[in-house]
Amino acid sequence: MSNKMLLSANEAVAYAAYKAGCKVASAYPGTPSTEIFETIARFKDKINADWAVNEKVALEVAIGGSMAGARSLCAMKHVGLNVAMDPLMTYTFIGALGGLVLVVADDPGIHSSQNEQDTRTLARFARVPLFEPSNSQEAFDMIQEAYEVSERYQVPCMVRLTTRTSHTSTVVDLGDDFGPGNVENKPYVKDICKIVSAPVFARPMRYRVQKRTEELRKYSTTETVVNRIEEGDKSLGIITASVAYEYVKEVFGEYAILKLGMSNPFPTDLVRHFCGSVDRVLVVEELDPVMEEQVRAMGLEVVSYETELDMMELNPGRLLALRKELLGDVEIPEATYADKGLPARPPVLCSGCSHRGLFYVLSKLGATVTGDIGCYTLGAFPPLNAMDSVICMGASIGTAFGMEKAGYNKRLCAVIGDSTFFHSGMTGIQNVLYNGGSVTTIVLDNRITGMTGHQVNPGSGKTLAGDVAPVTNIGAVARAMGYKRVESIDAFDIDRLENVLTAELDSDEPSVVIVTGPCRINAGLMQAGTFEVDPEKCKACGGCFKLGCPAIIRGESVADGKRFKAHIDPVQCTGCGFCEQVCKFDAISRIR
Amino acid sequence: METVNITLVGVGGQGILLTSDILAKTAALAGLDVKKSEIHGMAQRGGSVISQVRFGDEVHSPIVHDGASDLMVSFERIEALRWRHLLAPGGKILINNIDLAPITVSSGQQPAVTDLQERLDAEYPEAVFCDAMNIAKELGNQRCMNMVIAGALSNLTPFEEDLWKETMKNRIPAKLLELNLKAFDRGRAATA
Ligand SMILES: Cc1ncc(C[n+]2csc(CCOP(=O)(O)OP(=O)(O)O)c2C)c(N)n1
Ligand code: SF4
Ligand code: SF4
């Protein structure tokens with residue numbers, strides 16, 4: 001009998017946590033990891049899960065669950081781990097009581113992130129076991145194994161997904177016995193030698209970590225079934241892991257494979273044995289040469305090649321190029337490239353997005369805008385062109401203050417979203433105020449975490465489980481810190497935005513301006529109305545095109561096709577009314 | 001069964017991911033091994049979206065080689081050209097007869113494509129076109145456009161109509177099911 005479902009690896013993680021008897025779960029959203037917790041929310045009768053305000057707090061909550069003896073889960077995207085490294089680096093000294101599994105989703109190829117980084121290096125750095133599923137079934141199985149390992153060796157375990165595994169659905173057999181796991185909490189015992197990582201206790205812990213790593217290496221070498229040799233032609237042996245394994249099966253399927261489902265601690269004896277059994281050894285891995293360097297460090301020879309595979313997402317085509325280079329027995333099909341003359345289709349703020357008006361005004365004022373991460377990052381692109389920098393969550397405020405200190409203070413402001421503000425903007429505005437800066441921080445408060453697909457946050461009034469939560473008022477937070485200039489403006493009031501910002505950007509005092517308007521999609525306002533351009537009145541000035549609304553398209557051409565009247569696509573217009581406000585000729589009006 | 005590769009492309013917000021999900025679940029219901037991958041880019045709406053579905057006896061890579069898609073479904077006409085390199089020689093294409101002007105055109109950064117239909121005809125002499133938006137409007141709800149396309153797509157896959165409908169029943173909320181089933185039937189009939 002089987003119990004099969006088509007699940008993404010993200011969904012499979014949630015199902016596995018449920019089956020493994022996980023009780024405490026905390027995460028902060030981030031593509032491609034977000035659906036893990038959206039799925040976990042379905043199991044709220046058994047798993048007490050929440051959206052934390054950021055990844056550091058999320059991991060601390062999961063650590064608390066583990067300390068109290070419960071199986072706990074935490075999830076984040078790769079850059080989230082940068083934020084959560086601090087608690088991880090020391091909880092790994094302490095070691096888990098209740099099983100603790102941390103799922104981190106990398107984004108090779110930078111589909112939806114600010115950078116590309118390889119979590120495997122951080123797993124080694126933190127000396128934690130690392131599991132790397134290649135598909136959803138493996139994600140389902142490995143989460144359960146990770147809980148076993150975590151409790152047996154008293155260590156937090158990491159599971160690394162990638163965009164491709166997270167967002168690929170494959171068939172998963174949940175097993176006949178699928179249901180909520182009943183795992184008793186381990187009894188909590190106060191023990192400062194074990195849980196207080198002060199120097200006097202941290203030193204013996206450090207020795208334990210060293211010993212534990214070697215025990216885990218034995219496990220990864222001889223015990224776990226996820227590290228396995230697949231027989232094949234021994235003239236070439238391939239060491240691989242994660243989704244790269246699937247590409248290897250596709251392109252080098254006839255050769256011997258060492259598939260590492262648990263790649264840290266590196267199973268050195270198994271690797272040595274495999275390398276000794278084949279003529280040549282090739283390592284195929286996505287992103288950094290983490291495994292390859294470890295194989296080389298063991299003094300083993302590895303095939304070198306020219307094909308670039310050390311960055312960006314792998315795919316079968318790239319491995320085909322590798323095969324052509326190494327074996328010369330394949331032809332790369334001639335690419336019939338798509339027509340180059342096509343207009344690009346970059347992502348855009350939705351039609352009717354409440355963020356649009358602010359960027360229109362900032363662009364008009366010629367402001368210097370340190371930016372942040374969210375849907376509003378799209379304000380950086382033409383035609384809005386109203387953002388100068390994007391680094392990491394919360395960086396808008398600190399970097400604006402740094403620019404000010406460097407003497408650059410011309411119409412300078414920081415722009416940050418509400419979820420990002422709660423994540424790591426509050427410390428930033430506190431810092432500006434304390435250190436005497438004059439930065440204007442503009443918070444785009446749409447009461448939701450838009451970019452990652454609309455997750456609730458402390459401004460939403462709801463929790464992940466759907467319960468009512470207190471609403472944090474951002475203006476009140478700023479005032480409580482000591483800000484004297486705090487303004488709240490309706491995001492759809494372009495005139496007032498312009499007036500207030502003109503005053504604030506040039507002021508010597510620091511200020512916080514909160515721009516409020518609901519995320520159009522989240523509020524279900526996608527069919528809230530329709531506007532129309534009167535072609536008689538439209539002078540083809542192009543003013544409304546500067547809004548960058550996808551519903552405003554080119555209409556009739558004038559001046560020999562050099563200019564175009566505006567036309568509003570009624571299917572795409574959501575009736576926000578921004579364009580009506582910016583049209584100087586009253587050519588735009590509401591028809592519904 | 002030899003692995004079949006299907007690529008669905010279009011613009012964010014058009015319901016591509018639901019369509020590919022229903023396709024993949026129908027293949028799974030037929031007892032096949034399936035992999036469905038999707039990339040949705042950065043914005044909630046408006047960017048290019050691509051999803052690939054592979055099914056057969058055993059499927060490894062979730063990604064289809066360039067030039068190896070047996071069937072491509074484009075929810076928008078410009079996107080049909082953009083992803084031309086994915087289609088296998090002799091592969092089939094289903095094109096939704098709708099244009100969504102990219103922001104790069106309205107903002108004047110890039111010229112509009114003025115000879116779109118000629119280019120489509122030249123690249124894909126045997127394309128199947130589907131007026132899914134008009135059909136959806138006739139049914140009173142633009143949002144079921146994707147299921148009109150699913151109906152048209154079903155003509156090009158080896159799965160029985162009933163299997164498709166069973167997946168739709170499992171996947172679509174009850175109050176929208178009737179409309180979506182109608183949309184599916186219309187798409188199927190329009191391109192039969
Ligand atoms: C450290 C880190 N965690 C998570 C993310 C993923 N992420 C990108 S933007 C964003 C939040 C966006 O929400 P908000 O600030 O409210 O802006 P909106 O998208 O609603 O405009 C998140 C969680 C990230 N980029 N970095
Ligand atoms: S999802 Fe919401 S916040 Fe994001 S672009 Fe669309 S309307 Fe704006
Ligand atoms: S009212 Fe104007 S700006 Fe708003 S969505 Fe419609 S066309 Fe775009």
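Residues numbered from 1 in each chain as written. Chains lettered and ligands numbered in written order. Predicted model: local features only at pLDDT ≥ 70, side-chain atom pairs only at ≥ 80, totals over all residues. Heavy atoms only, no water.

Undergrad: Help me understand the overall build of chain B, please; the structure alone is not making it clear to me.
TA: Within chain B, the regular secondary structure consists of eight helices and six strands. Ordered by position from the N terminus, the helices and strands of chain B form the series β-α-β-β-β-α-β-α-α-β-α-α-α-α. In terms of C-alpha radius of gyration, chain B reaches 16 Å, essentially the compact-globule figure of 16 Å for 192 residues. Its C-alpha atoms give chain B principal-axis dimensions of about 50 × 40 × 35 Å. Considering only contacts in chain B between residues 6 or more positions apart, those separated by 24 or more positions represent 64%. For chain B, the accessible surface area stands at approximately 7600 Å², while carbon and sulfur atoms represent 47% of it. Within chain B, one finds 19 positive and 24 negative side-chain charges whose respective centroids are separated by 7 Å. (Helix = DSSP H or I, 4+ residues; strand = E, 2+ residues; numbered from the N terminus. Rg over C-alpha atoms; globule rule 2.2 N^0.38 Å. Contact = heavy atoms within 4.5 Å. Areas by Shrake-Rupley, 256 points an atom, 1.4 Å probe, with all protein chains shown as cover. Lys, Arg positive; Asp, Glu negative; His and termini not counted. Charge placed at Lys NZ, Arg CZ, Asp CG, Glu CD.)

Undergrad: Can you help me understand the domain arrangement of chain A in this one?
TA: Interface size is commonly expressed as the accessible area that is lost once the parts come together. Residues and elements named next belong to chain A. When cut into domains, chain A gives domain 1 (4-223), domain 2 (227-326), domain 3 (356-516) and domain 4 (531-590). Summarising the inter-unit geometry, the C-alpha centres of domain 1 and domain 2 are found 26 Å apart. At the junction of the two partners, domain 1 supplies 31 residues and domain 2 supplies 30 residues. One can count three salt bridges joining domain 1 with domain 2. (Domains from an automatic or database assignment. Salt bridge = Lys/Arg side-chain N within 4 Å of Asp/Glu carboxyl O.)

Undergrad: Teacher, can you tell me more about the packing of aromatic side chains here?
TA: For any pair of aromatic rings, the description consists of the separation of the ring centres together with the inter-plane angle of the planes. As enumerated under the stated definition, the model contains 11 aromatic pairs over all chains in all. Consider the rings of A:Phe421 and A:Phe422, whose centres lie 5.9 Å apart with planes at 70 degrees: the pair is edge-to-face. Neither residue differs from the other here; A:Phe421 and A:Phe422 are each classed as buried. Judged by centre distance (5.8 Å) and plane angle (40 degrees), the rings of B:Trp164 and B:Phe184 are tilted. With B:Trp164 in helix H7 (residues 161-171) and B:Phe184 in helix H8 (residues 174-190), this residue pair connects regions lying 20 residues apart in the sequence. Grouping residues by exposure puts B:Trp164 and B:Phe184 together as buried. A cation over a ring is seen here: A:Lys259 above A:Tyr245, with NZ or CZ 5.0 Å from the ring centre. (Phe/Tyr/Trp six-rings, centres within 6.5 Å; stacked < 30°, edge-to-face > 60°. Buried < 20%, exposed > 50% of the residue type's maximum accessible area, 1.4 Å probe, protein only. Lys NZ or Arg CZ within 6 Å of the ring centre and 35° of its normal.)

Undergrad: Even after reading the chapter, I still don't get unusual backbone geometry, so can you show me in this structure?
TA: With the exception of glycine, most residues fall at negative phi, and the peptide bonds are largely trans. Residue and element names in this part refer to chain A. At the junction of Asn264 and Pro265, the peptide bond is cis and its omega measures out at -10 degrees in the coordinates. Looking at where Pro265 falls in the secondary structure, it is placed in the loop between strand S12 (262-264) and helix H11 (268-277). In this chain, Pro382 is followed by Pro383 through a cis amide linkage whose omega measures 5 degrees. Inspection of the secondary structure puts Pro383 in the loop between strand S14 (368-370) and helix H15 (395-405). Phi at Arg127 is positive, roughly 55 degrees, even though this residue is not glycine. Among the residues examined, Arg127 registers a relative accessible area of 31% and is labelled partly exposed. A positive phi angle is found at Ala540, which is not glycine, with a value near 55 degrees. Assignment of secondary structure puts Ala540 in the loop between strand S19 (531-533) and strand S20 (552-558).

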